[in-house]
Amino acid sequence: MNAIGVDVGGTKIAAGVVTPEGEILNEVRYPSAGPRERLLSSIARAVDEVKDGYEVGAVCLAVPGFVLSAENKVIFAPNLHAIEGVPLKYDLGERTGLSVTVENDANAAAWGEFRFGAGREVDHLVFITLGTGVGGGVVMHGILLRGAQGAGGELGHVTIHATGPRCGCGNHGCLEALASGTAIQRRAREVANEQPDSALGRLAIERRVLGEDVTELAREGDEAAISVLKETGVWLGIGLAGFVNVFNPEVIAIGGGVARAGELILERARQEVYLRARSPSRDLVRIQEATLGAESGVLGAAALARDESGEYVLGS
Ligand SMILES: [Zn+2]
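The model shown is predicted, which means the values in this text are computed figures rather than measured ones.

Tetrahedral coordination by four donors sets the ideal angle at the metal to 109.5 degrees; octahedral coordination by six donors sets it to 90 or 180 degrees. Surrounding the zinc ion are the protein donor atoms His157 (ND1), Cys167 (SG), Cys169 (SG) and Cys174 (SG), which sit 2.0 to 2.3 Å from the metal. Counting gaps between the donor residues of the zinc ion yields the pattern H-x9-C-x1-C-x4-C. When its relative accessible area of 7% is taken as the criterion, Cys167 is described as buried. Classification of Cys169 as partly exposed rests on a relative accessible area of 32%.

As structure tokens, this is what we get:
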């Protein structure tokens, strides 16, 4: 039986019908902006439209923010306040006529990479998504780590620098505050001010520097841009070293827009892991880019869709 995965982002909703083999048979996209009622009806419309003509067992929503998956509820979504506190299982279950469950988006993406991507050959995976924020997910012994309330795996909000920059969650020095796309932009502005004659500095005088600009300038050999990404790699590596010690994963898969900087970040991150993590965990782990790209959310959510008896529709 197929399942529908819905990736509910801050700006768009992507819904896909997915087979047990991880093939996306049909996909639709809707904007996710607007107040609560419009958002919920957009999700319901996306599900209705995408399932047209396909046999589907259940739906799972992947939502950014702190999610209590045991209660199918989002308690805090800084980029999507409209969805906070809504009894999604019942509300959307009624609108779509399907069994609906809810997961954190990074946990869903981690599960997608585990089932169909970078982790499909292993049983122990840590997934990190570096985007506007930093999300994480952990699969151990083939099981998604959710914790007591379903709020586990928040790797982006682990403190890696006690007096570091303030994070969106209110804490200081979270991995997210130092290794996200937002953090890269902030650091790029500072370095541009310090080195106005660098390519990065000259661009910053013309316009606002984006994360992808830093990657592009680094690829062209600008030392200022390279230093920003290396520094990001160090912070990422400090976070990963802790995860390597705790979880002893076979693979750490790095996804999200920032991961497109590839080795410009990952090389330093690996060095840092080697310096800080313990043997033998540090010697086993493979730190690589995730392989599913933007589809990991839809694929992972579909693979986490459960029917009324709690069984995964796509198998496990
Ligand atoms: Zn935080």
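The structure having been displayed, the exposition proceeds.
What follows covers the sheet that holds strand S10 (residues 143-144). Pairing between the strands of a sheet comes from backbone hydrogen bonds, and it takes one of two forms, parallel or antiparallel. Strand order in the open sheet formed by five strands is S10-S9-S8-S11-S12, and the pairing between neighbours is mixed. Since the sheet does not close on itself, it has two edges, and those belong to S10 and strand S12 (286-289), each with one partner. Judged from the two bridges that link them, strand S9 (residues 134-140) and S10 form a sheet pairing that is antiparallel. Along S10, the bridge assignment pairs Met140 with Ile143. Where helix H3 (residues 105-116) meets the sheet, it contacts strand S8 (125-130), S9 and S10, and its direction lies at approximately 50° from that of S9. Across the sheet, helix H8 (residues 223-247) touches S8, S9, strand S11 (251-255) and S12, and the angle it forms with S8 is around 160°.

Here is a general trend for soluble globular proteins: nonpolar side chains tend to be buried in one another's company. By size, the foremost hydrophobic cluster in this structure holds 47 residues, and its most contacted members are Ile128, Leu200, Val214, Leu236, Leu240, Ile252 and Ile254. Among all residues touching Val214, those that are not within four sequence positions of it are Ile184, Ala188, Leu200, Val209, Ala225, Val228 and Leu229.

Of the positions making up helix H6 (residues 199-206), those classed as buried are Leu200, Gly201 and Leu203. Projected down its long axis, H6 shows its buried positions confined to an angular sector of 165°, all on one face. Turned more than 90 degrees away from the buried face of H6, the exposed residues are Ile205 and Glu206. Taken together, the buried residues of H6 touch helix H5 (181-194), helix H7 (211-219) and H8.

For residues that are not glycine, phi is negative in most cases, and the peptide bond is trans in most cases. Here Ser279 and Pro280 are connected by a cis peptide whose omega angle stands at 5°. One can find Pro280 in the loop between helix H9 (263-276) and helix H10 (281-284). For His141, which is not a glycine, the phi torsion comes out positive at approximately 55°. Structurally, His141 can be placed in the loop between S9 and S10. At Asn248, a position not held by glycine, the phi torsion is positive, near 50°. By secondary structure assignment, the location of Asn248 is in the loop between H8 and S11.

Before going further, it helps to examine the pattern of salt bridges. Counted under the stated rule, the structure contains 14 salt bridges. A salt bridge links Arg29 to Glu27, with the nearest nitrogen and oxygen atoms 3.5 Å apart. On the basis of relative accessibility, which here comes to 47%, the residue Arg29 falls in the partly exposed class.

What follows is about the packing of H5 against H6. Packing of H5 against H6 leaves a shortest axis separation of 8 Å and a crossing angle of 105°. When the interaxial angle is binned, H5 and H6 end up roughly perpendicular. Within the contact between the two elements, H5 uses Ala188, Val191 and Ala192 and H6 uses Leu200, Gly201 and Ala204. Here the contact of H5 with H6 is composed, by residue class, of five nonpolar, one polar and no charged.

The next point concerns the pairing of strand S7 (residues 100-104). Burial runs high along S7: five of the five residues are buried. Side chains Val100, Val102 and Asn104 project from S7 onto one buried face, and the interleaved Thr101 and Glu103 project onto a second face that is buried too. Here strand S4 (residues 56-63) pairs with S7 via five bridges, running parallel. Bridged to Val63 within S7 is Asn104.

At a minimum axis separation of 10 Å, H5 and H8 run at an interaxial angle of 140°. When the axes of H5 and H8 are compared, the pair comes out oblique. Here H5 runs over H8; the crossing is right-handed. Facing H5, whose interface residues are Ile184, Arg187, Ala188 and Val191, H8 presents Ala224, Ser227, Val228, Leu229, Glu231 and Thr232. A class-by-class count of the residues in the contact of H5 with H8 yields six nonpolar, two polar and two charged.

Bringing the sheet that holds S7 into the picture now. One open sheet holds the five strands; their spatial order is S3-S2-S1-S4-S7, and the pairing between them is mixed. Edge positions in the sheet fall to strand S3 (24-31) and S7, since each has one partner strand and no second. Strand-to-strand twist across the sheet, computed as the mean angle between neighbouring axes with direction ignored, equals 20°. The pairing of strand S1 (residues 2-8) with S4 spans five bridges and is classified as parallel. Among the inter-strand pairings, Gly5 is bridged to a residue of S4, identified as Cys60. Helix H2 (residues 88-96) rests against S4 and S7 of the sheet, and its axis sits at about 135° to S7. Along the sheet, helix H11 (residues 296-304) makes contact with S1, strand S2 (12-18), S3, S4 and S7, crossing S1 at roughly 130°.

Each value, and the rule that gives it
Residues numbered from 1 in each chain as written. Predicted model: local features only at pLDDT ≥ 70, side-chain atom pairs only at ≥ 80, totals over all residues. Heavy atoms only, no water. Donors = N, O, S within 2.8 Å, 3.2 Å for Na, K, Ca; no water. Buried < 20%, exposed > 50% of the residue type's maximum accessible area, 1.4 Å probe, protein only. Pairing = 2+ DSSP bridges. Helix = DSSP H or I, 4+ residues; strand = E, 2+ residues; numbered from the N terminus. Contact = heavy atoms within 4.5 Å. Axes fitted to C-alpha atoms, helices over the stretch in contact; angles between N-to-C directions. Core = buried A, V, L, I, M, F, W, Y, C linked by side-chain atoms within 4.5 Å. Arc of directions from axis to C-beta. Salt bridge = Lys/Arg side-chain N within 4 Å of Asp/Glu carboxyl O. Parallel < 35°, antiparallel > 145°, perpendicular 65-115°, else oblique. Nonpolar A, V, L, I, M, F, W, Y, C, P; charged D, E, K, R; others polar. Left-handed = near helix turned anticlockwise from the far one by under 90°.

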